[in-house]
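Analysis of the macromolecular model
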Amino acid sequence: MNRNLVCRCELRRLDATSQDDLVDMTFVDLAQWTASAFENKARLCFLGKGIYLSVRLEGFTNYVLKAKVMTLVEKIDRLKRDKKAIILAHNYQRPEIQDIADYVGDSIGLSRRAMEEKEAKIIVFSAVDFMAESAAILNPDKKVLLPTLGARCPMAQMLTVEQIKRWKVLYPLAPVVLYVNTLASVKAYCDVCCTSANAVKVVNSVNAETVLFGPDHNLAEYVRRKTGKTIIPIPERGFCPTHMLFQPEDVHVLKLKYPDAIVMVHPECTVEMQDIADFIGSTSQMCRHAKKSNAETFIVATEEGIIHRLKKENPGKQFVSAYEDAVCPNMKLNTLERLYTSLKEEKYVITVPEPVAKKARKALEKMFELK
Ligand code: 13P
Ligand code: SF4
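Because the structure is a prediction, the values reported are computed rather than measured.

Some remarks on the site of ligand 2
Near ligand 2 you find 14 residues, and of these Cys153, Met155, Cys240, Thr242 and Cys328 are the closest. Looking at the shell around ligand 2 residue by residue, the classes come out as eight nonpolar, four polar and two charged.

Concerning the site of ligand 1
As a structural note, the neighbourhood of ligand 1 is formed by Asn91, Asp106, Ser107, Asn181, Thr195, Ser196, Cys240, Glu268, Ser282 and Thr283. Class assignment for the residues of the shell around ligand 1 results in one nonpolar, seven polar and two charged.

A short note on the sheet that holds strand β16 (residues 297–301)
Here we have four strands laid out as an open sheet, ordered β15-β14-β16-β17, and parallel in their pairing. What marks the edges here is a single partner per strand, and that holds for β15 (279–280) and β17 (318–321). Note that β16 and β17 share four bridges and pair parallel. Looking at the pairing, valine 300 lines up with serine 321 of β17.

Things to note about the sheet that holds strand β13 (residues 230–233)
Across the sheet, which stays open at both edges, the four strands sit in the order β11-β10-β12-β13 with parallel pairing between neighbours. In the strand order of this sheet, the two ends are held by β11 (192–194) and β13, each with one partner. In this sheet, adjacent strand axes meet at a mean angle of 30° when their direction is disregarded. Sheet topology note: the strand β10 (residues 176–179)/β11 ladder contains three bridges and is parallel. For valine 177, the partnering residue across the bridge sits in β11 and is valine 192. Running over the sheet, helix α9 (residues 217–227) touches β10, β12 (210–214) and β13 and is turned about 175° from β13.

Focus on the nonpolar core
Within the largest apolar cluster, 95 residues are counted, with the highest numbers of intra-cluster contacts made by Phe125, Ala132, Ala135, Val177, Cys193, Val300 and Ala301. It is helix α5 (residues 129–138) that provides the largest number of residues to this core, a total of seven residues. What valine 177 contacts, discounting residues up to four positions off in sequence, is Cys190, Asp191, Val192, Cys194, Val202, Val203, Val206, Val211 and Phe213.

A word on the environment of alanine 357
If you trace the backbone, alanine 357 turns up in helix α15 (residues 354–369). Considering only alpha carbons, one finds alanine 357 and alanine 136, 221 residues apart in sequence, at a separation of 8.5 Å. Once residues lying within four places of it in the same chain are set aside, the contact partners of alanine 357 are Ile137, Pro140, Ala184 and Val352.

Thoughts on the confidence of the model for the protein chain
In the predicted model, the protein chain carries a mean pLDDT of 86, and the fraction of residues at 70 or more is 81%. Every residue in residues 1–68 is under pLDDT 50, and counting partners more than four places away or in other chains gives 83 contacts.

Let's talk about helix α14 (residues 336–345)
Inspection of α14 places Leu339, Ser342 and Leu343 among the buried residues, and these make up the whole buried set. Projected down its long axis, α14 shows its buried positions confined to an angular sector of 95°, all on one face. Exposed positions of α14 whose direction lies more than 90 degrees from the buried face are Glu337 and Glu345. For α14, the elements touching its buried residues are α2 (72–83), β6 (85–90), α3 (95–100), β8 (122–126) and β9 (143–145).

Focus: unusual backbone geometry
Omega for the peptide link from glycine 214 to proline 215 comes to 0°, which places this bond in the cis form. Along the chain, proline 215 falls in the loop between β12 and α9. Following lysine 347, the chain continues to tyrosine 348 via a peptide bond in cis, the omega torsion being 0°. Its location among the elements puts tyrosine 348 in the loop between α14 and α15. Located in the positive-phi region is lysine 84, a residue other than glycine, with phi close to 50°. Mapped onto the elements, lysine 84 comes out in the loop between α2 and β6. The exposure class assigned to lysine 84 is exposed, which follows from the 10 C-beta atoms found within 10 Å.

Conventions adopted
For every chain, the first residue of its written sequence is number 1, and the numbers climb from 1 along that sequence. Note on labels: chains are lettered from A, ligands numbered from 1, in written order. Only residues with pLDDT of 70 or above have their local features reported here, since the model is predicted, and side-chain atom pairs are shown and tallied only from 80 upward, although totals for entire chains, interfaces and linings are computed over all residues. By definition, a residue lies near a molecule or strand provided its backbone-derived C-beta atom is within 6 Å of it. Polarity classes work like this: nonpolar for Ala, Val, Leu, Ile, Met, Phe, Trp, Tyr, Cys and Pro, charged for Asp, Glu, Lys and Arg, and polar for all others, with Gly in that last group. In short, DSSP must find at least two bridges between two strands for them to pair. The helix count covers DSSP runs of H or I at least four residues long, the strand count covers runs of E at least two residues long, and both are numbered beginning at the N terminus. All axes here are fitted lines through C-alpha atoms, helices being fitted over the stretch that makes contact, and every angle between N-to-C directions spans 0 to 180 degrees. Here the contact rule is simple: place C-beta atoms from the backbone, and any two residues whose C-beta atoms are within 7 Å are in contact. Residues enter a nonpolar core if they are buried, belong to Ala, Val, Leu, Ile, Met, Phe, Trp, Tyr or Cys, and are joined to the set through C-beta atoms within 7 Å. Counting other C-beta atoms within 10 Å of each residue's C-beta, where C-beta atoms are placed from the backbone, gives the exposure class: buried for 20 or more, exposed for 12 or fewer, partly exposed between. Each residue carries a pLDDT score, the predictor's confidence in it, ranging from 0 to 100. Arc, as used here, means the arc of the directions from the helix axis to the C-beta atoms.

This is the structure in C-alpha cells:
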C-alpha cells in the first residue's frame, strides 16, 4: 500500500442520498483521522489499485470512504490554495511548470510581479538562485521558495566582490552597473542594477561616460554599441554558457529553409549573433515582439524553454530554435515533482541577511525608478 498516496476523499453515509462531508487529506492523515474519530475502531481496507479506500468501522458499517488519486497538478493547486501561495516561473521553465504558474516572465517582469503581490504569503520562484534572491530582497515579509537548491546561474557566480573592488581601484569614478544575474552580496556593491530589458536605459541614466558593467561581456558590448559610452566589462569575459552555444552558421542554414523568418536574439549571445539579428531583446521583449509582428516565422536565439510560451501565445505562427540543444541545465532542474515538494515542505527558503539585502534593494529599486 502506498502510504504517501494523496487522496480526495468523499465521506458519505451509505443509507443517505446526499453527501455528508467532503475532505481532502493524505492517506496517513486519513488513517489518523479515522482512528482518532472512532476511538481506534476504524479499519482501513484497500479496494482496487490505489483508487478506492473503504473504512469499516465496528458498529458503524454504514460509513465508506471513497478516494480518488489526485494528479500532481491537482495536489499543487490544493497546496497553493491552502497555503496562500503563488508560483512565478521564468520563460525558460519546463512547459508543464509554465502552464500552472500564476505568472510567467523575464527577470524584470518576475521581480515586478513579486513586488506587486499583496495577497500571497508564499512565493514559489521557479527559476534560478539570483532571481529568487531578488524576490526575497524585494519582499522581506514573504516566504520565497526556490524548488531546487542547486538551480544556480553559472554567470551569476562569475563576479565576486573582490573583483569589483579591484576594478574600482582602476576606475574610481566609474559607477558600477550590474546585470541582475549576480548574487545578492555582489549586488550590494553596485550603484544600480539592470536586466537585459533595460540595460541601455540604465547605463544612459548614469551620469558618467565610463561605466563598470558586469558580469556578461556580451551584454556589455551590446550596451557599449547602443550608448556610445566606454563600458568596462567586469570580469573581462563573463558569459552565459547556454547563450554562447548560438552560432551564426546555424542561423544561416535555417535561413535557407525559412528565408522570411525574423531572427530574434538575446543580448547574452555573442556579438556575431547580435550582428545578424532582426530583433535583440530580453525574453519577454521577444514575446511581445513576436505578438505584434506580422511575420509568420521566427528563428529564436535564446534558451529553448521560451518556444513553449511563444507557440502558446501565437498559435498561427512558427517558432524555430536557432540551436535546439541550447538548454539551461540549471533552469531545467525545476520539475513539477520538485515544485510540489517545495510547496509541501516549504523548502528551500531563500533569505538574504538584512545588511546585504538593504544595499542590494537600493540598487534594485534605483532600477525600478527608471520608467
Ligand atoms: P531575461 O531577463 O531576458 O529573461 O534573461 C534572464 C536570463 O537569465 C537569460 O539567460
Ligand atoms: Fe544563467 Fe544563462 Fe541559465 Fe540565464 S540561461 S540562468 S544566464 S546560465
